[in-house]
Amino acid sequence: MGITYNENNKTFHLKALDTSYVMQIVKDGYLAHLYWGKKLRNVNAEELLVLRGRTSFSANPEDSDKVFSLDTLPQEYPAYGNTDFRTPAYQLQLENGTTITDLRYEEHRIFKGKPKLQGLPATYTESDDEAESLEIVLYDKVIGLKVYLLYTVLEKLNVITRSVYLKNEGENKLKLLRALSMSVDFIREDFDFLHLNGSWARERHIIREKLTPGIHSIESRRGSSSHEHNPFIALLSQDCTEDKGEAYGLSLVYSGNFLAQAEINMYKSTRVNIGINPFDFAWLLEPGEGFQTPEVVMVYSSEGIGSMSRTYHKLYRTRLCRGKYRDEARPVLINNWEGTYFDFNEEKLLDIAKEGKKLGIELFVLDDGWFGKRNSDNCSLGDWVVDKNKLPKGLANLGKQLEAINMKFGLWFEPEMVSPDSDLYRSHPDWCLHVPDRTRSTARTQLILDLSREDVCEYIIKSISDILRNAPISYVKWDMNRNMTEVGSALLPADRQRETAHRYMLGLYKVMDKLTTDFQDVLFEGCSGGGGRFDPGILYYMPQIWTSDDSDAVERLKIQYGTSIVYPASTMGAHVSAVPNHQVGRITSLKMRGDVAMSGNFGYELDLTRFSEEEKEEVKVQVAKYKELRTLVQFGDMYRLISPFEDTKNETSWMYVSEDKSESFVAYFRILAEADAPIRKLRLKGLDSNKDYIVDGIDGVFGGDELMYSGITIPFLFGDYQSVVWKIKVLDKA
Ligand code: DGJ
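Predicted model only: the values in this text are computed from it and were never measured.

**Observations concerning the overall build of the protein**
Part 1 of the argument: Counting secondary structure elements, the protein contains 13 helices and 38 strands.
Part 2 of the argument: Its C-alpha atoms put the protein at 85 × 70 × 45 Å along the principal axes.
Part 3 of the argument: When each of the 734 residues of the protein is scored for burial, the buried share is 62%.
Part 4 of the argument: A total accessible area of about 27,700 Å² is found for the protein, and carbon and sulfur atoms account for 48% of it.
Part 5 of the argument: Here the protein contributes 90 positively and 108 negatively charged side chains, and the mean placements of these two sets differ by 1 Å.

Take a look at the structure:
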């Protein structure tokens, strides 16, 4: 059983495979947090909750009880203003201007399954037996505020999810100023704070810092989850490594502004919370109205960061991503963007596609520049009509020609945007996000459509659907190339303007839901200038995302390694591009570029017609090899072996192991050559120590134990930018 309630001591005990999470109703209905960590058989609530009277600087709600203060009570959904001085999980403004609220336990229910969240993406179950949920209702009787805390235990997956629904059941308006998705208090402070940081073309680099007293936070104010910060943090025990120690992951299923923070207060306890960023956010609740927060996915691992990542990978691969392609090996693609940019015609595209077909590639993707009069990035977004100068016979004809060579057809869109130089903007200048009398700041000469508006969402759905219905398109790349400024909507009243950014996200999710439901045979890939919106919210609609606009093999090591902290390889678009690389000018071998890209969702992004016969031959071999490997890489368990963020930063290694441990793919990369390099062994992980394996390219039979504890020898490598990959098979399968 995942969830139990003990009436005697009023404790809730949530149990997943190796995790316990315990709460208690204390005093006059406060909901206390007692424990989150390794699974416990039973709990002794008195031992878990220790209260101690402090000084007059931590006030007491009841004068008669000097021991009880909300400033020291570990809580589940804390408020500010009535004795707790730490960061609150929520805050509301009443009609009288004040912000004091007081939530007490009202009732709870435990039930099988996992409810959907209204209008928001979330992890799901396929049958009610996979999960058990707990809803705890808290009530502020003075203002009629009801808060529904929802917890779901996905027992076998070792995951607990949380979200919150706040409802105004009073007679007056309430204004939400803050509504985070969760909060947890630990009565310890010895944590490191891990997060994924970056910028355009440098996404999700791992940052790990020791927590110190005060607030440590990351956030996005960009209107999307952003290149800069990913909606994920982990608290780690200070001894935590890839394979040992405690990791507490918090991953927010949301693609907009978020805040994640950890606060060590003066009593050395740590409060951690995550949710929609309260910055520039407010939400009016008229009587009877409610607000749903996004879901946070909480993963505890007692076996280091690697195990936490594998838990996220499995969950996100199987119970966040959806649709036909969720479990299907993804096609190898050729994308024309870095090959031609805006300079192409039908003949050029078909030449690339035909060359790709000869080499075994399965899908041709036509990127930006096929519509309006778009010969550069300064016009036509919003006018989703084919450019007859480039494609005189239209998309349908191009699709037909691709079909004739048995190549699938993929198409790029940037549906959320409008260029000032477009028919759409000329006829609907108020359809973009803007604020009256203020500049409409452009970025890449474009503005953002106001997806908080129904009519705008309808326009996007219709224009994209028309294209998808009229040409044989089986893949869509959904791009988004700027962040929000002058965030305001022409349709919202003054007291709802600060709802715009979240309403935009709700509109975006609605549009994505409609299109992915109507076009179930289309494989959708998310993109935002590479990985500017690489988050679980998008993955709910699109099972893969273009990881980064940086396609340099060396830069990709950090980007893909960092991304793998939360996201599985099946979600990571990874392409081989031309050299010198267009982002950093580096020249790496085709082999290394191939090996890096094969560690994700593989493809090419260059003009294949410019390749020599020798290079084409190498591509052919790479494509064939990836086809053999792709199920393993996309759906296997990933083990990280050497981090590009640590030590010399000169090496990186990772491997994928099939669920039954019969097959593995190991990749090792060395960046700069070393003179008189030492002999090194690579110790593998995740194999079966009792099984015998054959390693491609190395004579002999090796026990799984030998491969893991002694390792395989890294061969002598001459020159910069080297890679070695090994395919490993269990003996009787070899
Ligand atoms: C940004 C994307 O990340 C690129 O892959 C490419 O599609 C361009 N936009 C096209 O404008």
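The structure having been displayed, the exposition proceeds.
**Some details on the pattern of salt bridges**
Part 1 of the argument: All told, the structure shown has 60 salt bridges when counted by the stated rule.
Part 2 of the argument: Across the salt bridge formed by Asp 552 and Arg 586, the nearest N and O atoms sit 2.5 Å from each other. On the criterion of sequence distance, the pair formed by Asp 552 in the loop between strand E28 (544-546) and helix H10 (553-563) and Arg 586 in the loop between strand E29 (572-577) and helix H11 (590-597) is long-range, its members being 34 residues apart.
Part 3 of the argument: What makes Asp 552 buried here is its relative accessible area of 1%.

**Overview of the site of the ligand**
Part 1 of the argument: Near the ligand, the surroundings consist of 13 residues, among which Asp 367, Asp 368, Lys 477, Asp 479 and Asp 549 are the closest.
Part 2 of the argument: Residue Trp 412 places a side-chain N or O atom 3.0 Å away from an oxygen atom belonging to the ligand.
Part 3 of the argument: Taken by itself the ligand offers 290 Å² of open surface, and the protein chains cover 98% of this.
Part 4 of the argument: Taken together, the residues of the shell around the ligand break down into four nonpolar, three polar and six charged.

**Side note on unusual backbone geometry**
Part 1 of the argument: Following Val 579, the chain continues into Pro 580 via a peptide bond in cis, with omega recorded as -10°.
Part 2 of the argument: Mapping Pro 580 onto the fold places it in the loop between E29 and H11.
Part 3 of the argument: The residue Lys 268 is not glycine, and still its phi comes out positive at about 60°.
Part 4 of the argument: With respect to the helices, strands and loops of the structure, Lys 268 is situated in the loop between strand E16 (258-264) and strand E17 (270-276).
Part 5 of the argument: One non-glycine residue, Ser 380, lies in the positive phi region at around 75°.
Part 6 of the argument: The residue Ser 380 is located in the loop between strand E22 (363-366) and helix H5 (394-404) in this model.

**Overview of the environment of Leu 70**
Part 1 of the argument: Relative to the elements of secondary structure, Leu 70 occurs in the loop between helix H1 (45-48) and strand E5 (90-94).
Part 2 of the argument: Each C-alpha atom of the pair Leu 70 and Thr 83 lies 5.3 Å from the other, and the pair is 13 residues apart in sequence.
Part 3 of the argument: In this structure, Leu 70 is in contact with Tyr 30, Pro 61, Gln 75, Asn 82, Thr 83, Asp 84 and Arg 86, ignoring residues within four places of it in sequence.

**A short note on the environment of Tyr 425**
Part 1 of the argument: Along the chain, Tyr 425 turns up in helix H6 (residues 423-427).
Part 2 of the argument: Each C-alpha atom, one on Tyr 425 and one on Pro 78, is 45 Å from the other, the two residues being 347 residues apart in sequence.
Part 3 of the argument: With near-sequence residues (within four places) excluded, Tyr 425 lies in contact with Val 418, Ser 419, Pro 420, Cys 432, Arg 440 and Leu 447.
Part 4 of the argument: One polar contact links Tyr 425 to Arg 440, side chain to side chain, over a distance of 2.8 Å.

**Some thoughts on the packing of aromatic side chains**
Part 1 of the argument: Tallied over the entire structure, the rule returns 37 aromatic pairs.
Part 2 of the argument: For the ring pair Trp 36 and Tyr 248, a centre distance of 4.8 Å and an interplane angle of 70° mean the geometry is edge-to-face. Highlighted residues: Trp 36 in strand E4 (residues 30-38) and Tyr 248 in strand E15 (residues 247-252), separated in sequence by 212 residues. Judged on exposure class, the residue Trp 36 and its partner Tyr 248 are both buried.
Part 3 of the argument: Plain terms: the ring middles of Tyr 248 and Tyr 300 are 5.0 Å apart, the flat faces sit at 55° to each other, and that makes the pair tilted.

**Quick notes on the domain arrangement of the protein**
Part 1 of the argument: Along its sequence, the protein is organised into domain 1 (3-319), domain 2 (324-529 + 581-635) and domain 3 (641-730).
Part 2 of the argument: The C-alpha centroid of domain 3 is placed 36 Å from the C-alpha centroid of domain 2.
Part 3 of the argument: Each side of the interface is counted separately: domain 2 has 15 residues, and domain 3 has 15 residues.
Part 4 of the argument: Between domain 2 and domain 3, roughly 1,200 Å² of surface is buried when both sides are summed, and carbon and sulfur atoms account for 69% of that area.
Part 5 of the argument: Contact with domain 3 buries area across many residues of domain 2, yet Met 592, Ser 599 and Leu 632 alone supply 42% of it, more than any other trio.
Part 6 of the argument: Viewed at the interface, domain 3 and domain 2 are joined by zero salt bridges.
Part 7 of the argument: In this structure, the connection of domain 2 to domain 3 is made through four residue pairs in polar contact (both at pLDDT 80 or more).
Part 8 of the argument: Elements supplying a minimum of two residues to the side of domain 2 that touches domain 3: H11 and helix H12 (613-635).
Part 9 of the argument: The leading source of residues in the side of domain 2 that touches domain 3 is H12, at five residues.
Part 10 of the argument: Looking at the side of domain 2 that touches domain 3, its residues break down into seven nonpolar, three polar and five charged.

**What about H5?**
Part 1 of the argument: The complete set of buried residues in H5 reads Gly 394, Leu 395, Asn 397, Leu 398, Gly 399 and Leu 402.
Part 2 of the argument: The elements touched by buried residues of H5 are helix H4 (346-358), E22, strand E23 (408-413) and helix H7 (454-470).
Part 3 of the argument: Count one or two residues on from H5 and you reach Asn 406, which has phi positive near 60°.

**Side note on the pairing of E16**
Part 1 of the argument: Within E16, seven of the seven residues are buried, which leaves it mostly tucked inside the rest of the structure.
Part 2 of the argument: The alternating pattern of E16 places Phe 258, Ala 260, Ala 262 and Ile 264 on one face and Leu 259, Gln 261 and Glu 263 on the opposite face, and all of these are buried.
Part 3 of the argument: As paired strands, strand E13 (residues 214-219) and E16 are joined by six bridges and run antiparallel to one another. What sits directly across from His 216, in E16, is Ala 262.
Part 4 of the argument: Bridge count between E16 and E17: seven bridges; the pairing is antiparallel. Paired with Gln 261 across the strands is Asn 273, a residue of E17.

**Observations concerning the pairing of strand E1 (residues 3-6)**
Part 1 of the argument: Relative to strand E2 (residues 11-16), E1 runs antiparallel, the two sharing four bridges. Note on E2: the bridge partner recorded for Ile 3 is Leu 14.
Part 2 of the argument: Two successive antiparallel strands, E1 and E2, enclose a turn made up of four residues, where Lys 10 displays a positive phi of approximately 55°.

**Some points on the UniProt feature "binding site: substrate" (unreviewed entry) in the protein**
Part 1 of the argument: UniProt's entry tags Trp 200, Asp 367, Asp 368, Arg 444, Lys 477, Trp 478, Asp 479, Met 480, Asn 481, Cys 527 and Asp 549 with the feature "binding site: substrate" (unreviewed entry), counted in the numbering of this structure.
Part 2 of the argument: Mapped onto the fold, Met 480 is located in the loop between strand E26 (475-478) and helix H8 (500-518).
Part 3 of the argument: Judged by relative accessible area, Met 480 falls into the buried class, the value being 4%.
Part 4 of the argument: If we ignore the near neighbours within four places in the chain, the residues touching Met 480 are Ser 224, Glu 414, Glu 416, Met 417, Cys 527, Ser 528, Gly 529 and Arg 533.
Part 5 of the argument: On the secondary structure map, Asn 481 appears in the loop between E26 and H8.
Part 6 of the argument: Excluding its chain neighbours within four sequence positions, the residues that come into contact with Asn 481 are Trp 412, Glu 414, Met 417, Arg 444, Gln 446, Ser 528 and Gly 529.

What counts, and where the lines are drawn
Counting from 1, residues in each chain are numbered in the order their sequence is written. Two thresholds apply to this predicted model, a pLDDT of at least 70 for residue-level local features and 80 or more for giving and counting side-chain atom pairs, whereas whole-chain, interface and lining totals are computed over all residues. Hydrogens are left out, water is left out, and the side-chain values use all remaining heavy atoms of the structure. Counting from the N terminus, the helices are the DSSP runs of H or I reaching at least four residues and the strands are the DSSP runs of E reaching at least two. Throughout, exposure labels follow a simple rule: accessible area from a 1.4 Å probe, protein chains only, divided by the maximum for the residue type, with under 20% read as buried, over 50% as exposed, and the rest as partly exposed. A 1.4 Å probe and the Shrake-Rupley method give the accessible areas. Residues count as covered only by the protein chains that appear here. Charge assignment: positive for Lys and Arg, negative for Asp and Glu; neither His nor the chain ends contribute. Note on charges: their place is set at NZ of Lys, CZ of Arg, CG of Asp or CD of Glu. The rule for a salt bridge is simple: a side-chain nitrogen of Lys or Arg has to be within 4 Å of a carboxyl oxygen of Asp or Glu. What makes a residue near a molecule or strand is one non-hydrogen atom of that residue sitting within 4 Å of it. Pairs of N or O atoms within 3.5 Å make up the polar contacts considered here, provided that, within protein, one atom can donate a hydrogen while the other can accept it, and that residues adjacent in sequence are counted only when both atoms are side-chain atoms. Under the scheme applied, nonpolar residues are Ala, Val, Leu, Ile, Met, Phe, Trp, Tyr, Cys and Pro; charged residues are Asp, Glu, Lys and Arg; polar residues are all the others, including Gly. The criterion used for residue contact is that any of the two residues' heavy atoms lie within 4.5 Å. Two rings belonging to Phe, Tyr or Trp (six-membered ring only in the last case) form a pair when the distance between their centres is within 6.5 Å. Interplanar angles under 30 degrees mark stacking, angles over 60 mark edge-to-face geometry, and anything in between is tilted. Boundaries of every domain are those given by an automatic assignment or by a domain database. Here the buried area means the combined drop in accessible surface, using a 1.4 Å probe, for two parts upon being joined, counting both sides. What makes two strands pair is DSSP finding at least two bridges between them. UniProt positions are given in the numbering used here, feature names are shortened, and annotations may be inferred rather than shown by experiment.

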